[in-house]
Each structure stands twice: as structure tokens, then as C-alpha cells.
Amino acid sequence: MNYSALSTDPIKQKSDCLVVGVVEGKSQSAVWTELDQQCKGVLGKLLSSGDISSKLAATSWFYPQEGGVKRLLFVGLGKEKELSEAGFRKAAKSAMQSLSKSGAGNAVVALSSLTLNALKAGWATEQLVIALESACYIFDNMKSEKATPTKVSQVKVAGDKRDKSAIEAAIAKAGAVAKGMNLTKDLGNLPGNVCTPDYLAKQAKALAKEYKSLKAEALGEKELKELGMGSFLSVSAGSDEPARLIVIEYKGGDDKQKPHVLVGKGITFDSGGISLKPGEGMDEMKYDMCGAASVFGTLLALAEMKAPVNVVGVIAAAENMPSGKATKPGDIVTTMSGQTVEILNTDAEGRLVLCDALTYCERFKPETVVDIATLTGACIIALGNHATGLLANDDKLADALLAAGESTGDRAWRLPLWDEYQTQLDSNFADMQNIGGRPAGTITAACFLSRFTKKYRWAHLDIAGVAWTSGKDKGASGRPVPLLTEYLLGQVKG
Ligand code: BES
Ligand code: MN
Ligand code: ZN
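Attention in this report is confined to the structure presented alongside it.

Basis of the calculations
- Residues numbered from 1 in each chain as written.
- Chains lettered and ligands numbered in written order.
- Predicted model: local features only at pLDDT ≥ 70, side-chain atom pairs only at ≥ 80, totals over all residues.
- Heavy atoms only, no water.
- Donors = N, O, S within 2.8 Å, 3.2 Å for Na, K, Ca; no water.
- Tetrahedral: all angles 85-135°; square planar, octahedral: opposite > 155°, others 65-115°.
- Helix = DSSP H or I, 4+ residues; strand = E, 2+ residues; numbered from the N terminus.
- Buried < 20%, exposed > 50% of the residue type's maximum accessible area, 1.4 Å probe, protein only.
- Polar contact = N/O pair within 3.5 Å; in protein donor to acceptor, adjacent residues only side chain to side chain.
- Contact = heavy atoms within 4.5 Å.
- Pairing = 2+ DSSP bridges.
- Phe/Tyr/Trp six-rings, centres within 6.5 Å; stacked < 30°, edge-to-face > 60°.
- Near = heavy atom within 4 Å.
- Areas by Shrake-Rupley, 256 points an atom, 1.4 Å probe, with all protein chains shown as cover.
- Nonpolar A, V, L, I, M, F, W, Y, C, P; charged D, E, K, R; others polar.

**A word on the coordination of the manganese ion (ligand 2)**
Distances from the manganese ion (ligand 2) to its protein donors, Asp270 (OD), Asp347 (O), Asp347 (OD) and Glu349 (OE), fall within 2.0 to 2.2 Å. Metal-centred angles of 71 to 167 degrees between the six donor atoms at the manganese ion (ligand 2) mark the site as irregular. Spacing between the donor residues of the manganese ion (ligand 2) along their common chain follows D-x76-D-x1-E. The two metals, the manganese ion (ligand 2) and the zinc ion (ligand 3), are separated by 3.2 Å and share Asp270 as a common coordinating residue. Remark: Asp347 occurs in the loop between strand E12 (340-343) and helix H10 (350-360) and Asp270 occurs in strand E9 (residues 260-270); sequence separation between them is 77 residues. Relative accessible area serves as the criterion here: at 3%, Asp270 is assigned to the buried category. On the basis of relative accessible area, Asp347 is assigned to the partly exposed category, the value being 21%.

What follows is the structure, encoded as C-alpha cells:
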């Protein structure tokens, strides 16, 4: 998609489609009023009869007889005074979905008719770009008959002259974020027989080839063994697919800046292992590498926008399968940190790969470490499918992540990491066990990880509820790439 900023009157611009906001009540935007005059009051009549709807996120089409605009796409914004950031996002999503499915090859968005209540032009442009790119996303890699892509190829965001540079910056930033989200979605949507740990390693190298600011390497099982990653290797033990620890370095800042590290859970298929999962919906466990995929997407976004930060991505990739070689409940393994773990449930495998990856992070002398994982079903019970679970050993880091989630609409919600929960991990036979029972499953999983993150500021994002959608529209969401990118951009010094 080609985006640009337009500072002239959007009505005077020849286009296939002009996107205009409509509010409840009488006082409409200047763009609306001008269009209504041009259409000799027909728009006003359609609005009062309810044929053009001002209900939040409702869309209506109109074909004007006069002027150089072929179609008008009206999007309802509800009551002017009540339009919130979330409401704007909902309206943008709906309008961009209608646009992407229409016959229009190009479009102009009348930003001033949409940015009510002091919503910022740059911020609004970001939301529009991400909404349109998401609406246009198709995953047909595995189909022999390809889907028809959208007709839209060019979008002009018309705004105030003063906002031109903010709109242009937003276009560049959101374009990069959307590209990162699409990579995250593609990797997530690929089936487990294609997207293996080795496939992820190859993708990392391919990405580093494409972007000179990225460097990638992948360790194999022999190296993991030498590092003492007994916990990580216990997860891949039952699989014919060897585990990989993938490291991708993005250098956008100067040498003096300590890196921020992102650690992704990359279980390319989670059958549960010997503690086998029930069959229903098990296919969705191909998404158990969405944390890893979000690390890929975030690094791509940063490289694409040439962000001046240093970031290291560490991906713990393995397949969790039952077999004669698989780890059994009761087995005890030694982690890279030296701490021992009694594995009581082989389905609590995410923490087993992450703990060693987190110890590995110490070598980067990180400024902060954030791990991203589809870690617990309990997180879906606690927060549903709207918020990422956030747990951290540092309040400042937690606040920065929460704020990044809020402003991008890719929200997280903090859960406590109190010492009282730690005793649920006591084991009679090892330093700890890998499950903490049914109460507070998301918290005890984070408690487990916290025992490997004592040397740096750390946060854990449990994305079990947000990484993909189930049901008819099954597919990866691209979350939390917007949150992570926003957070890292906020860490730019100076
Ligand atoms: N990958 C799953 C968590 C998961 C389940 C994410 C469903 C999204 C949807 C994880 O490896 C797992 O199996 N966790 C167990 C932990 C339990 C055995 C302590 C769970 O949540 O049931
Ligand atoms: Mn599992
Ligand atoms: Zn898992």
C-alpha cells in the first residue's frame, strides 16, 4: 500500500473514495457540510432518515453525482463528545474493512472529520494505517487457489498543513509496525509441520539477509547441551525436530547503549508431551510459537523504521511431543542456572524452555528483558481475549509496558508477583517443581520464571489469550507487536 499526506482540500482531490466521519446530532464537520452543499442537501436527508448512520463504527456508501470523488464512505463516530481512543479505533477498523472490500483503487481519508476531541493527527493516522493493513491481510500460502487481494493500492491522509510531518512520520512508523505484524501472523498461521524450530532458525537468517542492521545465529542441541540447558532440552527430547536457540541482534543505537532483550516462547507445536492434551482444538497449539513470532515481527518493525535502539531477540524454539524418548512426569532436570526442576506435568513446557533462555540473556548485560509467551490457559480464564497478562520484577518497566499497550490499543494488565505465591512451586525432590496447582496459574508460571531473572529488570507477557483468534475467523493477531514496538521506541535515549 502506498500512503501519503495531503494538505489540500480532500474534496477537491480526484479519488475513487473519500472517507468521512459522521457524528450524531446537527453539527457536522466542515468536509461534510461542503459535501452536503455539493449534493444539494441529499446527505442531510439521508442522515436524518437514518440511511447514513452515525452510530459508532457503522459505515454507509454514497455515490455523488457532482465533483471528482467517485464514492463517499461515511463512518459513524457516535456522539461527538463521547468519541474515545478506543471508539476511534473501532470506527477506523470498520471503515478500513469496508474500504478494503470495495471497488476503490485509491482513497482519501478526511482526517479532520475523524479526529474529534483533540485526538492527535499522527496517532490517528497510525491507527488508520494499521487498521487498513490488518483488513488487507490474507494468509493463503497453503491454498492452491489464491484469494483475491484488495483493490486499494493508494491512500492519501488529508489533514491540516501543520500536521503534515506528524502524518508522514505516522505513516512510516505504522507501515513498519504493520509489516512486522504481518510477519508475526504469517509465522503463527503456518502449520506445525512447516514451521518447525529449524524453519524459524532459517527465517531468522533470511531476515538478517534482508536487513543489514540485523544479525542472526542459531544454536543447535549440541551447543544447548554444552551450555547446560537441561531444562530446555527436556522439552524437545520427545520430538524428532531438534530444538534451536535463535539469537537475532538489531543494532540501531550506539555501542554504549545496553540492549533491550526480547525472549520469545517458540513451541512450534505443543501436544502436551506425555501429559498429552485433549484432542479438541489441539491444532491451535501450532500457535504456541506466537511469542517467538512477535519477537520476529518487532525486530522487523524496528529495522524497517531504523529505530535508534539496540535490541536482542532470543527465541527458544522446540516441539513438545510424546515418544519413548520424551520427558516423563517426575523426571528431574538441571537448568543452565544450576537450579533443579521436578517436571510434574510435561504440558507446562513453556517455562522449561524460557528459564534457560532467560539465563542465557545475562551475557548481554541487558537494560531490560521482556519475555513473550503463550504460557498459560489460566491467563485466558483471568483476562479473556482482550488483555495480555503482565508480571514484572520492576515497576518502572511494568508501567512503561502498560502505557505502550494503552496508547496502541494493544493492552496489557498487570498481575501480582508476590512472594506468597512462590511456595506453590515447592518440590520434595528438586529445587522447584514446574507446576503450582490450579490457583493463580498465570502467577505461579511467572513465579517460576522469576527465579531465573534475578540479575536484571524483567517483565513477562502472557499472550495466551490475545495471540490468535479461534473459531470461524481463526488466525494469528499480530499482537503484541504494537505494544513491544511502542515500548522500545520509548526507550530511545535523548
Ligand atoms: N501453551 C500452553 C498454554 C495455552 C493453552 C495457551 C491454551 C493458549 C491456549 C501451555 O504450554 C500449557 O499447556 N500450559 C498448561 C500449564 C499447566 C499444565 C500448569 C495450561 O495452561 O494448562
Ligand atoms: Mn503446554
Ligand atoms: Zn505451551
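**Here's the deal with the coordination of the zinc ion (ligand 3)**
Taken together, Lys265 (NZ), Asp270 (OD), Asp288 (OD) and Glu349 (OE) make up the protein donors of the zinc ion (ligand 3), found 2.0 to 2.4 Å from the metal. Note that the zinc ion (ligand 3) binds six donor atoms; their angles at the metal cover 78 to 175 degrees, and the shape is octahedral. Mapped onto the sequence, the residues coordinating the zinc ion (ligand 3) show the spacing K-x4-D-x17-D-x60-E.

**A word on unusual backbone geometry**
The omega torsion of the bond from Arg479 to Pro480 falls at 0 degrees, within 30 degrees of zero and hence cis. Along the polypeptide, Pro480 turns up in the loop between strand E19 (475-476) and helix H14 (481-489). Phi at Lys365 is positive, roughly 45 degrees, even though this residue is not glycine. Looking at where Lys365 falls in the secondary structure, it is placed in the loop between H10 and strand E13 (368-373).

**Comments concerning the side chain of Ser98**
Among the structural elements, Ser98 can be located in helix H3 (residues 85-101). Ser98 sits in the buried class, given a relative accessible area of 17%. At a separation of 3.2 Å, a polar atom in the side chain of Ser98 contacts the side chain of Thr59. When neighbours within four sequence positions are excluded, Ser98 is seen to be in contact with Thr59, Trp61 and Leu73.

**Re the sheet that holds strand E11 (residues 331-334)**
Overall, mixed pairing links the three strands, which are arranged E11-E12-E16 in an open sheet. Every other strand in the sheet has two partners, leaving E11 and strand E16 (432-433) as the edge strands with one partner each. Where E12 meets E16, two bridges bridge the pair, whose relative direction is parallel. Note that in E16 the partner of Glu342 across the bridge is Gln433.

**Details of the packing of aromatic side chains**
The final tally for this structure, using the stated rule, is six aromatic pairs. Aromatic side chains Trp418 and Tyr421 sit 6.3 Å apart centroid to centroid with 15 degrees between the ring planes, which places their arrangement in the stacked category. With a centroid separation of 5.5 Å and 35 degrees between ring planes, the pair formed by Phe448 and Phe452 is classed as tilted. You'll find Phe448 and Phe452 in the same group, each marked buried.

**Considerations on the site of ligand 1**
Close to ligand 1 lie 17 residues; Lys277, Asp288, Asp347, Glu349 and Gly377 are nearest. Asp347 places a polar side-chain atom, nitrogen or oxygen, 2.8 Å from an oxygen atom of ligand 1. Residue Thr374 places a main-chain N or O atom 3.2 Å away from a nitrogen atom belonging to ligand 1. Starting from 520 Å² of accessible surface for ligand 1 in isolation, the protein chains cover 78%. Listed by contribution, the elements that provide at least two residues to the shell around ligand 1 are E9 and helix H11 (377-383). A class-by-class count of the residues in the shell around ligand 1 yields six nonpolar, four polar and seven charged.

By themselves, these observations are geometric and do not establish any function.
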